[in-house]
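Working through the structure, step by step
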Amino acid sequence: MPIAFTEIQETIRMVEMEHLDIRTVTMGISLRDCADHDFEIVKQKVYDKITSYAKNLQSTANQVAKEYGVPIINKRIAISPAAEILGNASKEQAIELAETLDKAAQTLGVDFIGGFSALVHKGISNGDQVLLDALPEALSNTERVCASISVATTRTGINMDAVAKMGQVIHETATLTKDNNSIGCAKLVVFCNPVEDNPFMAGAFHGAGEGEAVLSVGVSGPGVVLHALKRYPDADLGEVSEVIKKTAFKITRAGELIGRVVADQLNVPFGIMDLSLAPTNALNDSVAEILEEIGLERVGTHGTIAALALMNDAVKKGGAMASSYVGGLSGAFIPVSEDNGMIRGIEDGALSLSKLEAMTCVCSVGLDMIALEGKASPETLAAIIADEAAIGMINKKTTAVRVIPVIGKEEGETVEFGGLLGRAPIIGVNQFAPDKFIQRGGRIPAPLQSLIN
Amino acid sequence: MQNRAVVSVVGKDQVGIISKVTTILSENNVNIHDISQTILQDFFTMIMLIDINDPSNLATLQDKFKPVESELGLNINIQLEDVFQAMHRV
């Protein structure tokens, strides 16, 4: 059936006026064959492998974006967890590996490379320990390297020793980058139940179940959903869900087509489509504003969780119908600094850290890009991670913590991260100490999978 | 197989848009299948369906539209038709 002009107009309107874009094409690359007894050789192999596999990533993605008229915003690399090849390395060598990754990303013109990662949800191996010890310096010495650490899963419980360590790592990273608003922490995610094929930074890594190389695509479009809803101001909530579902379907179909063309031209298999409503600081490109369009005066007020649950579920349903390979985190992201609506919610006193925590029970990730007061202690940071991990563990979903304790700043001030990372009002933490709880260490056992009320 | 592409022209309504755009297409030996114009959110919008032999020609064609774009203050885009098929047809 030929395409109708109204349909062509709809697509053009989505791209030109409503910020429809392919948010990222991310090439996952396994580095396991780069292990060697000589660390100089390891670094050379890592650099060579990344720069040869992803040599044409930028140019191909740009070319395809031009041909189809849908912009591809980010081109990124995710590697297999770096701790896997650090078993014999020293902390200094781990930092050198991060610098090598940074250099490879720079050579390729890629803004972020993810996968300086370790999976320690049950225990910490030698390579993991080296990576954890190296993290603060690795993140402060490099510009483009993103790290993620898995500290909990539903099947293993929460490794509280790792949680305590991550509290210290975040604090130390914040301190080392304090002249730059503690920006190092923006490149570090602590996960519960991480997914192996997430194309979005900073939590992307190429999981153990993945092949040699794969191309995954993240599509976004809060602006498109917002505008679609604006056309139905009087719809009931069932119809609201329907509108979001249909919009998500169309966005996903465009993303999959373009992702497959890019993967084909780069000669790597297509991995998954991640349809996540990921906001940007552009006008009207906000997840919070969708919730407000559904009927909340300000994001964070009573009803926020219900509206978010409706939206997140509708996005998944539309996406799952549109592509057989929906994966990653698919749902809605609620980063604070990258979403003008979220920023306004906090500035107006409608949105709090506690409400954000509760929102993570029903959306795709967790506490994301939240600026905390600089005096938050390592134990408090660890306890925030523990709470978020518990939510993910019990609800069998991914949760994550990417918080930035901004050294030297206090509640009520605002911090500018610049560029894609945006700006954020500083949020205060609870003044009562969880220190004893964190110092106990050990492992919180895996939860019962039945009797689930 | 012959590909089709969609040319969309968005901007302020004025004299000569169709003539200037179609002149460039005919100079480049491009066949027009269908053409339509309307006002979309206060902007003049013209949409044309064209034949394109080789997708790599799109970039060349896009460049040739540049002088018209700046002269008339228009935004001209060429996109392969597949993206519309993917989004609107199951």
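Residues numbered from 1 in each chain as written. Chains lettered and ligands numbered in written order. Predicted model: local features only at pLDDT ≥ 70, side-chain atom pairs only at ≥ 80, totals over all residues. Heavy atoms only, no water.

Moving on: the overall build of chain B. Scanning chain B from N- to C-terminus turns up three helices and four strands. Going from the N terminus to the C terminus, chain B shows its helices and strands as β-α-β-β-α-β-α. Taken against the 2.2 N^0.38 rule, which gives 12 Å for 90 residues, the C-alpha radius of gyration of chain B at 13 Å falls within 12% of a compact globule. Dimensions of chain B along its principal axes, counting C-alpha atoms only, are 35 × 30 × 20 Å. Counting all 90 residues of chain B, 49% fall into the buried class. Long-range pairs, those at least 24 residues apart, make up 66% of the contacts in chain B between residues at least 6 apart in sequence. Computed over 6 positive and 11 negative side-chain charges, the separation of the two mean positions in chain B equals 2 Å. (Helix = DSSP H or I, 4+ residues; strand = E, 2+ residues; numbered from the N terminus. Rg over C-alpha atoms; globule rule 2.2 N^0.38 Å. Buried < 20%, exposed > 50% of the residue type's maximum accessible area, 1.4 Å probe, protein only. Contact = heavy atoms within 4.5 Å. Lys, Arg positive; Asp, Glu negative; His and termini not counted. Charge placed at Lys NZ, Arg CZ, Asp CG, Glu CD.)

Let's shift gears to the overall build of chain A. Secondary structure summary: chain A contains 14 helices and 15 strands in total. For chain A, whose C-alpha radius of gyration is 21 Å, the value lies close to the compact-globule estimate of 22 Å for 453 residues. Dimensions along the principal axes, computed over C-alpha positions, put chain A at roughly 60 × 50 × 45 Å. Relative to its full complement of 453 residues, chain A shows a buried share of 61%. Partitioning the intrachain contacts of chain A with sequence separation of at least 6 by distance along the chain shows that 78% fall at a separation of at least 24. Carbon and sulfur atoms provide 49% of the accessible area of chain A, an area that totals close to 16,900 Å². (Areas by Shrake-Rupley, 256 points an atom, 1.4 Å probe, with all protein chains shown as cover.)

A few words on the pattern of salt bridges. Two side chains bearing opposite charge may form a pair once their charged atoms approach each other closely. Residue and element names in this part refer to chain A. Under the definition given, this model contains 28 salt bridges over all chains. Among the ionic pairs, Asp111 bridges to Arg76, the shortest N-O distance being 3.0 Å. Of this pair, Asp111 sits in the loop between α4 (91-108) and β3 (113-114) while Arg76 sits in strand β2 (residues 72-79); the two residues are 35 residues apart in sequence, bridging distant segments of the chain. A relative accessible area of 27% places Asp111 in the partly exposed class. Owing to a relative accessible area of 6%, Arg76 belongs among the buried residues under this scheme. For Glu256, the salt bridge goes to Arg260, with nearest N and O atoms at 2.8 Å. With Glu256 and Arg260 both in helix α8 (residues 237-266) and four residues apart, this pair spans about one turn of that helix. Taking relative accessible area as the criterion, Glu256 reaches 13% and is therefore assigned buried. (Salt bridge = Lys/Arg side-chain N within 4 Å of Asp/Glu carboxyl O.)

Residues and elements named next belong to chain A. The amide bond that connects Met201 to the next residue, Ala202, takes the cis arrangement and shows omega of 10 degrees. Looking at where Ala202 falls in the secondary structure, it is placed in the loop between β7 (188-192) and β8 (213-219). Residues other than glycine seldom take positive phi values, yet Ser182 does so here, at roughly 55 degrees. Mapped onto the fold, Ser182 is located in the loop between α6 (160-176) and β7. Backbone geometry at Lys396 places phi at a positive 55 degrees, although glycine is not the residue there. By the secondary structure assignment, Lys396 is in the loop between α13 (378-395) and β12 (399-406).

Once that is clear, we can look at α6(A). Residue and element names in this part refer to chain A. Compared with an ideal rise of 1.5 Å per residue, which puts 17 residues at 24 Å, α6 spans 24 Å between its outermost C-alpha atoms and is within 8% of the ideal. Buried within α6 are the following residues: Met160, Ala162, Val163, Ala164, Met166, Gly167, Val169, Ile170, Thr173 and Ala174. N-capping of α6 is provided by Asn159, with a side-chain oxygen placed 3.1 Å from the backbone N of Asp161. (Expected span 1.5 Å × (residues − 1). Polar contact = N/O pair within 3.5 Å; in protein donor to acceptor, adjacent residues only side chain to side chain.)

A word on the confidence of the model for chain B. Taken over all residues, the pLDDT of chain B has a mean of 85, while the share at 70 or more is 96%. The secondary structure element of chain B with the lowest average pLDDT is strand β2 (residues 32-40) of chain B, at 84, and the one with the highest is helix α1 (residues 17-27) of chain B, at 89. (pLDDT = per-residue confidence, 0-100.)

It is worth spelling out the packing of aromatic side chains at this point. Residues and elements named next belong to chain A. Within this structure, the stated rule accounts for one aromatic pair over all chains. Measuring from ring centre to ring centre gives 5.0 Å for Phe200 and Phe333, while their planes differ by 85 degrees; the resulting arrangement is edge-to-face. Of this pair, Phe200 sits in the loop between β7 and β8 while Phe333 sits in the loop between β10 (331-332) and α11 (340-347), and the two are 133 residues apart along the sequence. In this structure, Phe200 and Phe333 share a single accessibility class: buried. (Phe/Tyr/Trp six-rings, centres within 6.5 Å; stacked < 30°, edge-to-face > 60°.)

What follows deals with the packing of α8(A) against helix α10 (residues 304-322) of chain A. Residues and elements named next belong to chain A. Running from N to C, α8 and α10 point in directions that differ by 40 degrees, and their axes come no closer than 7 Å. By the angle between their axes, α8 is oblique relative to α10. Judged by the sense of rotation from one axis to the other, the crossing of α8 with α10 is right-handed. Between α8, through Leu237, Val240, Ser241, Ile244, Lys245, Ala248, Phe249, Thr252, Arg253 and Glu256, and α10, the contact on the second element is made entirely by Leu310, Met311, Ala314, Val315, Lys317, Gly318, Gly319, Met321 and Ala322. (Axes fitted to C-alpha atoms, helices over the stretch in contact; angles between N-to-C directions. Parallel < 35°, antiparallel > 145°, perpendicular 65-115°, else oblique. Left-handed = near helix turned anticlockwise from the far one by under 90°.)

What follows concerns the interface of chain A and chain B. In this assembly, 27 residues from chain A lie in contact with 27 residues from chain B. Summing the contributions of chain A and of chain B, the shared interface buries around 2,700 Å²; its carbon and sulfur component is 65%. The largest per-residue losses of area from chain A upon contact with chain B belong to Ile3(A), Phe5(A) and Glu67(A), which jointly make up 22% of the total buried on that side. Put simply, Arg89(B) and Glu7(A) hold a salt bridge, and the shortest N to O gap is 2.8 Å. Along the contact surface separating chain A from chain B lie seven residue pairs in polar contact (both at pLDDT 80 or more). With 11 residues, the top contributor of residues to the side of chain A that touches chain B is helix α1 (residues 5-17) of chain A. For the side of chain A that touches chain B, the per-class residue count stands at 16 nonpolar, three polar and eight charged. (Buried area = accessible area lost by both parts, 1.4 Å probe. Nonpolar A, V, L, I, M, F, W, Y, C, P; charged D, E, K, R; others polar.)

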